[in-house]
Amino acid sequence: MKASNYFTLKEFQLNNNCPECYSNEGLQLTFKQRMTENIFFKAITSDTSNEMHCKNCNTTIYPVRWDDDIERVVAYHERAIVPKKSSWKLKPFGYVFIAIDILLFIVIALVMLGIIKL
């Protein structure tokens, strides 16, 4: 089973007007990066996403509601963030699985070559 979740890269407080409540103090822009984890490995992917939330009216501001000023600020901050490098790491069960596969391959090869007779 594969589980994907996002972790926060950077959060910015914006001074733009909220499209819902028109307050200029509550907008928060959050950039996140995806991390995938299963029983064999843990990986950080290059997928990033952003979301905007207003703290005053407690609503999520979707890109459809952004005006030109908000789009320019988001584009500026997108260029400023540096995502973590894509990487993956094997878990102990992954190492065990690879070791068992290698041993099984060696046994099958030895049986096929006639060195081991069953």
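Scoring rules and cut-offs
- Along each chain, the written sequence defines residue order, and numbers are assigned to residues from 1.
- Two thresholds apply to this predicted model, a pLDDT of at least 70 for residue-level local features and 80 or more for giving and counting side-chain atom pairs, whereas whole-chain, interface and lining totals are computed over all residues.
- Note that water and hydrogens are dropped before the side-chain values are worked out from all heavy atoms of the structure.
- For the purposes of this entry, the term helix denotes a DSSP run of H or I that reaches at least four residues, the term strand denotes a run of E that reaches at least two, and both are numbered from the N terminus.
- We compute the radius of gyration from the C-alpha atoms alone; for a globule the expected value is 2.2 Å times N to the 0.38, where N is the number of residues.
- The criterion used for residue contact is that any of the two residues' heavy atoms lie within 4.5 Å.
- Positive charges are assigned to Lys and Arg, negative charges to Asp and Glu, while His and the chain termini are left out of the count.
- The atoms used to mark charge sites are NZ of Lys, CZ of Arg, CG of Asp and CD of Glu.
- Expected helix span is taken as 1.5 Å per residue step, with the number of steps being one fewer than the number of residues.
- When DSSP locates at least two bridges between a pair of strands, those strands are taken to pair.
- A pair of Phe, Tyr and Trp rings is counted when the ring centres sit within 6.5 Å of each other, with Trp represented by its six-membered ring. The angle between the planes then sorts it: under 30 degrees is stacked, over 60 is edge-to-face, the rest tilted.
- Distance thresholds for patches are 9 Å for like charges and 5 Å for nonpolar side chains (Val, Leu, Ile, Met, Phe, Trp, Tyr), applied to residues having over 30% relative accessible area and no salt bridge.
- To measure how exposed things are, a 1.4 Å probe is used in the Shrake-Rupley method; for residues, cover is taken only from the protein chains shown.
- Take a side-chain nitrogen of Lys or Arg and a carboxyl oxygen of Asp or Glu: if they are within 4 Å of each other, that pair is a salt bridge.
- Relative accessibility under 20% of the residue-type maximum defines a buried residue, over 50% an exposed one, and the middle range a partly exposed one, all with a 1.4 Å probe and only protein chains included.

A look at the overall build of the protein
When helices and strands are counted, the protein shows 2 helices and 5 strands. Reading the helices (α) and strands (β) of the protein from amino to carboxyl end gives β-β-β-β-α-β-α. The C-alpha radius of gyration of the protein comes to 24 Å, more than 25% above the 13 Å expected for a compact globule of 118 residues. For the protein, the share of sequence-separated contacts (at least 6 apart) that also reach a separation of at least 24 residues comes to 61%. Charged side chains of the protein number 14 positive and 12 negative; the gap between the two group centres comes to 14 Å.

Looking at helix 2 (residues 92-113)
Between its first and last C-alpha, helix 2 extends 32 Å over 22 residues, near the 32 Å set by a 1.5 Å rise per residue. Trailing helix 2 by a residue or two, Gly114 shows a phi angle of about 85 degrees, which is positive.

As for the pairing of strand 3 (residues 41-54)
In this sheet, strand 3 lies alongside strand 2 (residues 27-37) in antiparallel orientation, the contact comprising 10 bridges. Residue pairing across strands places Met35 opposite Ile44, the latter belonging to strand 3. Where strand 2 folds back on strand 3, the antiparallel hairpin that results is connected by 3 residues. The hairpin formed by strand 3 and strand 4 (residues 59-61) contains 4 residues between the paired strands, and Asn58 there has a positive phi angle of roughly 55 degrees.

Some points on the packing of aromatic side chains
Per the stated rule, a full pass over the model turns up 3 aromatic pairs. Taken together, the ring pairs connect Phe40, Phe93 and Phe97 into an aromatic cluster.

Quick look at a nonpolar patch on the surface
Nonpolar side chains collect at one region of the surface, where Ile39, Phe93, Phe97, Ile98, Ile102, Leu103, Phe105 and Ile106 lie side by side and expose about 800 Å² of accessible area between them. Here Phe93 falls in the partly exposed class, since its relative accessible area comes to 40%.

Regarding the pattern of salt bridges
Throughout the structure, instances matching the rule amount to 5 salt bridges. Here Glu51 ties to Lys32 by a salt bridge, and the two come within 3.9 Å at their closest N and O atoms. Remark: Lys32 occurs in strand 2 and Glu51 occurs in strand 3; sequence separation between them is 19 residues. Taking the relative accessible area as the measure of exposure, Glu51 reaches 42% and is therefore partly exposed. As a salt-bridge pair, Arg34 and Asp47 come within 2.7 Å of each other at their nearest N and O atoms. Here Arg34, found in strand 2, pairs with Asp47, found in strand 3; they are 13 residues apart in sequence, far enough to count as distant.

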